[in-house]
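Survey of secondary and tertiary structure
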Amino acid sequence: GTLATIRFIKKMVDRHKIDLIHILFAEPEALWVLAKSYFGVPMVVTTRGTDILKTIPSFFQRKDLLGRAVAQLYRWAFARTDAVTSTSLSQQQSLEKIIPGITTEKILIRTGIDLEQVETEASGQVPFPTDKPYCLFLRMMKPLYNHEFAIEAISKLPSEIRSGYRFVFVHRDAPDREYVEKIEGLMEETSADFLFLDLLTPSGLHAAIKSAALTVMTPKSDGSSVTVAVCLYLKCPVLVPPLDYDADIFANGINIFEHWESPCLANAMESILSGESSARPEAGRLDVATHFDRAKEMARLRELYSRLTGRG
């Protein structure tokens, strides 16, 4: 139970002389901060996207007793947290919206990417046939990533694009078999050249991105997406939904379809594939190198650890 787990965490803190506890996903793990005084060490919580953009705010919108109780627990937990690190500006804004006046230190530390490793892996072999240009749909096979919407848009592309390009989806081996089968069925019903692959290795993924004509992503919510950043760094045209992407990283390089309507997405894909995009891949690559370098971001995290533990 919860109390047994709290005692176990305290035992590990004491046994291993742990100086700080860092919670790496805010929902529901941020609630462990309620036992901070018992643990006796500073605690940091990281928000990553859906946790603070969707799931936690949903408790604050509920009117039932359980929803209100859980919302209050999150208020107390975030108030007791020594620092909240977020991977996007929108996450910080969401936290401030659900808990107005929150005084806990809020720091933007992005996940970042290993620039050198991405560059090296991207020079490898694309792990599928490349006898025709292809568009990549790289998000996981989960309803959150809205692949059915993407396939509906593909069905509305001109026939010459549907036949002239291959549309590559990944994560056919996902555990959500019902959703995978749904996507497979939609592909079978759509007149286009689809390729549905298992999850790619990082090296295969990066090589595939570098050689793609276009990468399309249709998540229902998103933050500072690592996948989008990798696409920009490799100068691959990328098309994303009308969500709140951080301007300091993504403003110059990404293409955004304006409305959640499949003809709108189809028109945006056609425009990019025909060379009419105004996005600047080189500028996007520079922004990623400046603001999304994992080495720099982790150095900032180490500085936070040092400050909170007094070991600087």
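Residues numbered from 1 in each chain as written. Predicted model: local features only at pLDDT ≥ 70, side-chain atom pairs only at ≥ 80, totals over all residues. Heavy atoms only, no water.

1. As for the layout of surface pockets
If you add up the space inside the largest pocket, you get close to 880 Å³. Along the wall of the largest pocket there are 34 residues; nearest its centre are Arg139, Tyr145, Ser225, Val226 and Thr227. Contributions of two or more residues to the lining of the largest pocket are made by helix H6 (115-122), helix H10 (202-211) and helix H11 (226-233). With four residues, the top contributor of residues to the lining of the largest pocket is H10. When the residues that make up the lining of the largest pocket are grouped by side-chain class, the tally is 15 nonpolar, twelve polar and seven charged. If you trace the second largest pocket, you find 15 residues lining it, with Leu53, Lys54, Pro57, Ser90 and Ser94 closest to the centre. Contributions of two or more residues to the lining of the second largest pocket are made by helix H3 (50-61) and helix H5 (89-98). Taken together, the residues of the lining of the second largest pocket sort by class into four nonpolar, six polar and five charged. (1 Å grid on protein atoms, 1.4 Å probe; cavity = no way out; pocket = protein on both sides within 12 Å on 5 of 7 lines; lining within 4 Å. Points joined across faces, edges and corners; volume = space filled by probe spheres on them. Helix = DSSP H or I, 4+ residues; strand = E, 2+ residues; numbered from the N terminus. Nonpolar A, V, L, I, M, F, W, Y, C, P; charged D, E, K, R; others polar.)

2. Description of the packing of H3 against helix H4 (residues 65-80)
Contact pair H3 / H4: the axes reach a minimum separation of 6 Å and the direction vectors enclose 120°. In this view, H3 runs oblique relative to H4, as classed from their interaxial angle. Across from Ile52, Ile56, Phe59 and Phe60 in H3, the residues of H4 making contact are Gly67, Arg68, Val70, Ala71, Tyr74, Arg75 and Phe78. Classifying every residue of the contact of H3 with H4 gives eight nonpolar, one polar and two charged. (Axes fitted to C-alpha atoms, helices over the stretch in contact; angles between N-to-C directions. Parallel < 35°, antiparallel > 145°, perpendicular 65-115°, else oblique. Contact = heavy atoms within 4.5 Å.)

3. Some words on the sheet that holds strand S8 (residues 214-216)
Spatially, S7-S6-S5-S8-S9-S10 is the arrangement adopted by the six strands of the open sheet, whose pairing is parallel. The sheet terminates laterally at strand S7 (193-196) and strand S10 (255-256), the two strands that pair on one side only. Alignment of strand S5 (residues 134-137) against S8, held across two bridges, turns out to be parallel. Residue pairing across strands places Cys135 opposite Leu214, the latter belonging to S8. Relative to the sheet, helix H13 (residues 262-273) contacts S5, strand S6 (166-169), S8, strand S9 (238-240) and S10, its axis offset from that of S8 by approximately 160°. (Pairing = 2+ DSSP bridges.)

Distances and angles like these do not, on their own, reveal function.
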